[in-house]
Amino acid sequence: MLEQISFYWKLFISFVKPGLLGFGGGPASIPFIQKEVCDKNNWMTHEEFLGALALGNSLPGPITTKLAAIVGYKVGGIVGMTVAISGMVVPTAILVVLLTNLYMKHKNIPKIEGIIHVLKIVVVVLLLQVTWELGKNGITDKLTICIFIVATIAIFVFKLHPLLIIVLAIVFALIFL
């Protein structure tokens, strides 16, 4: 029993960290989650994580919550899923309420504006890191290079909605893979 409690506490804390340190939202938290899940705790391989990320991105809602649900369920069933989601959401929700109150009172102070500006830049770097890591692990052969190019053109040139790209990718996979 004590071993189970210890495991669930570790799972909870593993999602509290990226939940509180992943400035910039879900995509910026992905590297933190990946380090906790794959590198530190070995709950998933990097390939399994990429699959979980792909599944999570194909569903509506925040990616971090979906990753917490997938990982939690994989390692601890329904209880693990509940614990992981709670670790990701509850501390952050409390912090958001507290910081929003402070920010609304002091948002016009130049130092606060400067902090927000710097955080935006850091978030861009974190997003680039995620993109690089996912690209390294996901774009591995001629087919995935072609899919990458087609999806990139569809999104940036033709401005197609990402949901349409996801649906088309699923249809492609069902027919050809």
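As a starting point, this report considers the structure included with it.

### What to know about unusual backbone geometry
Next, step 1: Of note, the phi angle at Asn 42 is positive, near 55°, even though the residue is not glycine.
Next, step 2: Residues other than glycine seldom take positive phi values, yet Lys 159 does so here, at roughly 55°.
Next, step 3: Structurally, Lys 159 can be placed in the loop between α6 (142-156) and α7 (162-176).

### Regarding the nonpolar core
Next, step 1: In terms of nonpolar packing, the biggest core is built from 19 residues, with Phe 15, Ile 30, Ile 33, Val 37, Met 44, Phe 49 and Leu 67 touching the most fellow members.
Next, step 2: When contributions to this core are tallied by element, the ones reaching two or more residues are α1 (2-21), α2 (26-40), α3 (46-57) and α4 (63-106).
Next, step 3: If you tally residues by element for this core, the top one is α4, at 7 residues.
Next, step 4: Setting aside anything within four residues of it in sequence, one finds Ile 33 in contact with Phe 15, Pro 18, Phe 49, Thr 64, Leu 67 and Met 88.

### Let's talk about the side chain of Ser 14
Next, step 1: Along the polypeptide, Ser 14 turns up in helix α1.
Next, step 2: Overall, Ser 14 belongs to the buried group, its relative accessible area being 4%.
Next, step 3: A distance of 2.8 Å separates the side chain of Ser 14 from the backbone oxygen of Lys 10, its partner in a polar contact.
Next, step 4: Among residues more than four places away in sequence, those in contact with Ser 14 are Glu 36, Asn 41 and Trp 43.

Definitions and cut-offs
Residues numbered from 1 in each chain as written. Predicted model: local features only at pLDDT ≥ 70, side-chain atom pairs only at ≥ 80, totals over all residues. Heavy atoms only, no water. Helix = DSSP H or I, 4+ residues; strand = E, 2+ residues; numbered from the N terminus. Core = buried A, V, L, I, M, F, W, Y, C linked by side-chain atoms within 4.5 Å. Buried < 20%, exposed > 50% of the residue type's maximum accessible area, 1.4 Å probe, protein only. Contact = heavy atoms within 4.5 Å. Polar contact = N/O pair within 3.5 Å; in protein donor to acceptor, adjacent residues only side chain to side chain.

Everything listed is a geometric property; what it means functionally is a separate question.
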